[in-house]
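Residue strings, one per chain:
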Amino acid sequence: MLDAGYAKKSDATHAAQLYVAPDSDAMHRREGSGLTTETKQDDWAALVLRVRDHKDRAAFEALFRHFAPRIKGFLMKSGASAGLAEECAQDVMATLWQKAHLFDPARASVATWVFTIARNKRIDALRKARRPEPEDLPWGAEAEPDQQEALEMQQDTDRLGEALALLPEKQRALIEKAYFGDLSHSEIAAETGLPLGTIKSRIRLALERLRHKMT
Amino acid sequence: MTIRHHISDSLLMAYSAGQLPEAFSLVLATHLSLCDDCRARLGSFEAVGGAVMEDCAEASMTDGSFDQTMARILQGAPRFAPEPARSTRQGILPAPLVDYIGGDLSAVKWRPLGMGVKQAILPTEKSASARLLFIPAGANVPDHGHRGTELTLVLQGAFRDETDRFGVGDLEIANEDLNHQPVAEMGADCICLAATDAPLRFNRLLARIAQPFFRI
């Protein structure tokens, strides 16, 4: 599936361009072309910005169709019942709408941002515990983030997904378990098989970009 | 401030996955507030989470779920409690710690542990505990070992133990293998934020007897 997604970059770009003037006709053409699951992160970012700037319902629906079933799947893997996962996935998507002004495409991809919202929702719903967050950085979301920076940040998540997909099954399963919440922190610490080195080498670029942005 | 001792990959991954006891999350959030390097690394671990979720097996949403969500948004979604106002840094205390103390350093309710050492336990859920420690310049913390993990973050002054020197912003991660006797450096009194997921193991009888009373 991933390979197909990358091969169709021009199609995906075309699909995103349809959102410049979204209408039901464009939605149908897009769905008809079967690109819903192949749109890349930079296109999702463009949709979030349309939600932020124009309260664009069609853009939000495209985001919902893609992310909500993944959030629900993620939460069920984390031990939530189908009912609770459904409710939380709706919560997460509503939060995306309400907090779209906080999304900064130069800092995180949409998938990463949605993950952090879903993770916090899971902690609230399943563990009823608090997770203190670092203090806010003095720089907030920029009105006009650097386009190139933003594009690269979005693409990093795609590359990371490719890197994960290329890992041996056992190693990938371990990382997934850690994020689904199937490993306690001491298990993560003790788990020498976690292929963090492999992943880290793939995301070094992303890291450098974040560092550059913060200093 | 040059931070030399950082959050380990495994702790950072567990924090990004939302898998840490609240007391540990508090120590890490405090370090992350002081350390841009770890904050950038956290961003990359969150990106791993994003990639895992992106790749996750989909579970179909129920019929009408999009319309329900839209309806909730348009009603102003009363289910969403308003965000509490976030604290700001107070002197040596980063914002996450200010939240737990409920103010600046003058609001800390210290309890003496003897020899000028003081502590204040912070309110967290019970699977791990967090405390502020005040160690007068030049004084030592009783020699102890650990059953679980102990995280110690320096907020003021510095301490040394058998492993190294720890200054402001440095995080020491200790486990079962480490028996240590931290000593505050001369100069400034040392203030640390520490969290443990199991009681410490004191090596001297007197400290062991005192332990249940002080909840160390």
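Whatever comes next refers back to the structure up there.
A few points on the structure. What you see is a predicted model; the values in this text were computed from it and never measured.

The next point concerns the packing of aromatic side chains. By the definition in use, this model includes 11 aromatic pairs over all chains. Seen from their ring centres, phenylalanine 64 of chain A and phenylalanine 66 of chain B are 5.2 Å apart, and the 75° between their planes marks the pair as edge-to-face. With phenylalanine 64 of chain A in helix α5 (residues 57-77) and phenylalanine 66 of chain B in helix α4 (residues 65-74), the pair connects residues from two separate chains. The structure contains a cluster of three or more aromatic residues connected by ring pairs, namely Phe60, Phe64 and Trp97 of chain A together with Phe66 of chain B. Over the ring of phenylalanine 134 of chain B we find lysine 118 of chain B; its NZ or CZ atom is 4.4 Å from the centre of that ring.

A few words now on the interface of chain A and chain B. Counting residues at the interface gives 74 residues for chain A and 64 residues for chain B. The contact between chain A and chain B buries some 6,300 Å² in all, and 61% of this surface belongs to carbon and sulfur atoms. On the chain A side of the contact with chain B, Glu135, Tyr179 and His185 of chain A bury the most area, a combined 13% of that side's loss. Inspection of the chain A/chain B interface yields 5 salt bridges.

This paragraph deals with the pattern of salt bridges. Summed over all chains, the structure comprises 16 salt bridges over all chains. Residues arginine 72 of chain B and aspartate 91 of chain A are paired through a salt bridge, measuring 2.3 Å at the closest nitrogen-oxygen approach. Of this pair, arginine 72 of chain B sits in helix α4 while aspartate 91 of chain A is found in helix α6 (residues 82-98), placing the two residues in two different chains. For the pair formed by arginine 72 of chain B and aspartate 91 of chain A, the shared burial category is buried. Two residues, arginine 172 of chain A and glutamate 169 of chain A, come together in a salt bridge whose shortest N-O distance is 2.8 Å. Taken together, the residues arginine 172 of chain A and glutamate 169 of chain A, both in helix α9 (residues 169-180) and 3 residues apart, mark about one turn of the helix. With a relative accessible area of 54%, glutamate 169 of chain A lands in the exposed category.

Residues and elements named next belong to chain B. The 3 strands are arranged β7-β6-β9 in an open sheet whose pairing can be described as antiparallel. Every interior strand has two partners, whereas the edge strands, β7 (165-166) and β9 (183-184), have only one. The pairing of strand β6 (residues 159-160) with β7 spans 2 bridges and is classified as antiparallel. Each residue of the ladder has a partner; that of phenylalanine 159, found in β7, is phenylalanine 166.

The subject of this paragraph is the pairing of strand β10 (residues 190-196) of chain B. Residues and elements named next belong to chain B. Along β10, 7 of the 7 residues are buried, which leaves the element largely enclosed by surrounding structure. The two faces of β10 match: Cys190, Cys192, Ala194 and Thr196 on one face and Ile191, Leu193 and Ala195 on the other face are all buried. Summarising the sheet, strand β3 (residues 129-135) and β10 pair through 7 bridges and their orientation is antiparallel. Each residue of the ladder has a partner; that of arginine 131, found in β10, is alanine 194. In this structure, strand β5 (residues 150-156) lies alongside β10, joined through 6 bridges in antiparallel fashion.

All names here are of chain A. Here cysteine 88 is to be found in helix α6. Taking C-alpha positions, cysteine 88 is 6.7 Å from lysine 121, a pair spaced 33 residues apart along the chain. Excluding its chain neighbours within four sequence positions, the residues that come into contact with cysteine 88 are Leu75, Lys121 and Ala125.

The next point concerns unusual backbone geometry. We note that lysine 55 of chain A has phi near 50°; this positive angle belongs to a residue other than glycine. Assignment of secondary structure puts lysine 55 of chain A in the loop between α4 (41-54) and α5.

With that settled, the discussion passes to the nonpolar core. If you look at the biggest cluster of nonpolar residues, it comprises 93 residues, and the most contacted ones within it are Leu63, Phe67, Ile71 and Tyr179 of chain A. With residues up to four places along the chain from it excluded, the contact list for phenylalanine 67 of chain A reads Gln41, Trp44, Met93, Val110, Ala111 and Val114 of chain A together with Met53 and Glu54 of chain B. Residues Ile135, Phe159, Phe166 and Cys192 of chain B belong to the second largest nonpolar core, which totals 12 residues.

Right, let's talk about helix α7 (residues 110-127) of chain A for a bit. For α7 of chain A, which comprises 18 residues, the first-to-last C-alpha distance of 25 Å matches the rise-based estimate of 26 Å (1.5 Å per residue) to within 8%. The element α7 of chain A is extensively covered by neighbouring structure, given that 13 of its 18 residues are classed as buried.

What follows deals with the sheet that holds β10 of chain B. Residue and element names in this part refer to chain B. The strand order β1-β2-β3-β10-β5-β8 describes an open sheet built from 6 strands, whose pairing is antiparallel. The open sheet has two edge strands with one neighbour each: β1 (111-114) and β8 (171-174). Looking at each pair of strands side by side, their axes are set apart by 25° on average, direction ignored. In this structure, strand β2 (residues 117-122) lies alongside β3, joined through 5 bridges in antiparallel fashion. Note on β3: the bridge partner recorded for leucine 122 is alanine 130.

Definitions and cut-offs
- Residues numbered from 1 in each chain as written.
- Chains lettered and ligands numbered in written order.
- Predicted model: local features only at pLDDT ≥ 70, side-chain atom pairs only at ≥ 80, totals over all residues.
- Heavy atoms only, no water.
- Phe/Tyr/Trp six-rings, centres within 6.5 Å; stacked < 30°, edge-to-face > 60°.
- Helix = DSSP H or I, 4+ residues; strand = E, 2+ residues; numbered from the N terminus.
- Lys NZ or Arg CZ within 6 Å of the ring centre and 35° of its normal.
- Contact = heavy atoms within 4.5 Å.
- Buried area = accessible area lost by both parts, 1.4 Å probe.
- Salt bridge = Lys/Arg side-chain N within 4 Å of Asp/Glu carboxyl O.
- Buried < 20%, exposed > 50% of the residue type's maximum accessible area, 1.4 Å probe, protein only.
- Pairing = 2+ DSSP bridges.
- Core = buried A, V, L, I, M, F, W, Y, C linked by side-chain atoms within 4.5 Å.
- Expected span 1.5 Å × (residues − 1).
- Axes fitted to C-alpha atoms, helices over the stretch in contact; angles between N-to-C directions.

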